[in-house]
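# Close look at the chain arrangement
So you can see what is in the structure, the chains are spelled out below.
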Amino acid sequence: MTVQGGKDAAVELLAAQPERIEPGLQLVDRRVPLDSHCEVDALLRDTLGGPVVLLGSAGELSADLARLLGIVASLARARPLLERLYRDRGLDFTLRPRAVLVANRFPDDVS
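One numbering rule holds for all chains: residues counted from 1, following each sequence as written. Per-residue local features of the predicted model are confined to residues with pLDDT of at least 70, and side-chain atom pairs are confined, for both listing and counting, to 80 or more; whole-chain, interface and lining totals are unaffected and use all residues. Just so you know, side-chain values use all the structure's heavy atoms and leave hydrogens and water out.

## A look at the overall build of the protein
Helix and strand labels come from DSSP, where a helix needs a run of H or I of at least four residues and a strand needs a run of E of at least two; each type is numbered from the N terminus. The secondary structure content of the protein amounts to two helices and four strands. The globule rule used for comparison is 2.2 Å times the number of residues to the exponent 0.38, while the radius of gyration itself is calculated over C-alpha atoms. In summary, the protein has a C-alpha radius of gyration of 14 Å against a globular reference of 13 Å for 111 residues, a match within 12%. Counting the 111 residues in the protein, one finds 37% classified as buried. With the model as given, the accessible surface of the protein reaches about 6,800 Å², and the carbon-plus-sulfur share is 53%. In the protein, 14 positive and 16 negative side-chain charges are present, and the distance between their average locations comes to 5 Å. Buried means the residue's accessible area, taken with a 1.4 Å probe over protein chains only, is under 20% of the maximum for its type, while exposed means over 50%, and partly exposed covers the values in between. Per-residue and other accessible areas were derived by the Shrake-Rupley procedure at a 1.4 Å probe size, with only the shown protein chains allowed to occlude residues. Here the positive residues are Lys and Arg and the negative ones are Asp and Glu; neither His nor the chain ends is included. The location of each charge is read from NZ of Lys, CZ of Arg, CG of Asp or CD of Glu.

## Some details on unusual backbone geometry
Trans peptide bonds make up the majority, and among non-glycine residues the majority have a negative phi. We note that Arg31 has phi near 50 degrees; this positive angle belongs to a residue other than glycine. Of note, Arg31 is situated in strand β1 (residues 26–35).

## Some thoughts on the sheet that holds strand β2 (residues 38–45)
Criterion used throughout: strands pair if DSSP finds at least two bridges between them. Strands sit in the order β1-β2-β3-β4 across an open sheet of four strands; the sheet is mixed. Looking along the sheet, the strands with just one partner apiece sit at the ends: β1 and β4 (98–102). Strand-to-strand, the axes of this sheet are offset by a mean angle of 30 degrees, without reference to chain direction. As paired strands, strand β3 (residues 51–56) and β4 are joined by five bridges and run parallel to one another. Bridge assignment links Leu55 to a residue of β4, and that residue is Leu101. Against the sheet, helix α2 (residues 61–86) contacts β1, β2, β3 and β4, and its axis sits at roughly 105 degrees relative to β1. Every axis in this analysis is a line fitted to C-alpha atoms, fitted for helices over the stretch in contact. Angles between the N-to-C directions lie between 0 and 180 degrees. The criterion used for residue contact is that any of the two residues' heavy atoms lie within 4.5 Å.

## Some words on the nonpolar core
Residues grouped as a nonpolar core are buried Ala, Val, Leu, Ile, Met, Phe, Trp, Tyr and Cys residues, joined through side-chain atoms within 4.5 Å. Counting residues in each nonpolar core, the largest one holds 15 residues, and the members touching the most others are Leu34, Leu43, Val53, Ile71, Leu82 and Tyr86. For this core, the secondary-structure elements that each account for two or more residues are β1, β2, β3 and α2. The greatest single-element share of this core, amounting to five residues, is contributed by α2. For Leu43, the contacting residues outside a window of four places in its chain are Gln26, Leu27, Val28, Asp29, Val32, Pro51, Val52, Val53, Tyr86, Leu91 and Phe93.

## Quick notes on the pairing of β1
As paired strands, β1 and β2 are joined by seven bridges and run antiparallel to one another. Pairing of Leu27 across the sheet is with Leu44, part of β2. With antiparallel pairing between neighbouring strands as the criterion, β1 and β2 make up a hairpin whose turn holds two residues.

## Focus on the pattern of salt bridges
A side chain of one charge can pair with a side chain of the opposite charge if their charged atoms are brought near each other. We count a salt bridge whenever a side-chain nitrogen from Lys or Arg sits within 4 Å of a carboxyl oxygen from Asp or Glu. The tally for this structure, following the rule as stated, stands at seven salt bridges. Linking Arg30 and Glu12 is a salt bridge whose minimum nitrogen-to-oxygen distance equals 2.6 Å. Of the two residues, Arg30 is situated in strand β1 and Glu12 in helix α1 (residues 7–16); the sequence distance between them amounts to 18 residues. Across the pair Arg31 and Glu39 runs a salt bridge, and its minimum N-O distance is 3.2 Å. Via salt bridges that share partners, Glu22, Asp46 and Arg98 belong to a single interconnected network.

The structure is reproduced here in structure tokens:
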């Protein structure tokens with residue numbers, strides 16, 4: 001799949017049509033702040049109720065991986081609040097979260 005535009009274009013397309021990532025994925029929320037330093041571009045739910053976070057990338061893989069680690073830590077810290085906020089949406093935060101990193105293009109040289 002090819003997406004024209006910046007990283008936000010890829011996130012918007014996949015948030016609107018999450019089944020392009022995986023059958024059964026459903027959008028729960030967009031731009032979810034986890035703490036003062038961390039925001040998830042989109043929060044999805046898989047067929048088992050597990051959380052899946054969608055993160056847009058500008059192609060800076062080192063920064064993206066650091067952001068991903070921060071999000072995993074923030075999800076763990078915010079779990080009680082997230083459970084209360086999204087329980088009625090079928091999310092089960094006892095399941096391990098998964099992440100999808102999307103970009104229009106990732107660099108060929110990742111060294």
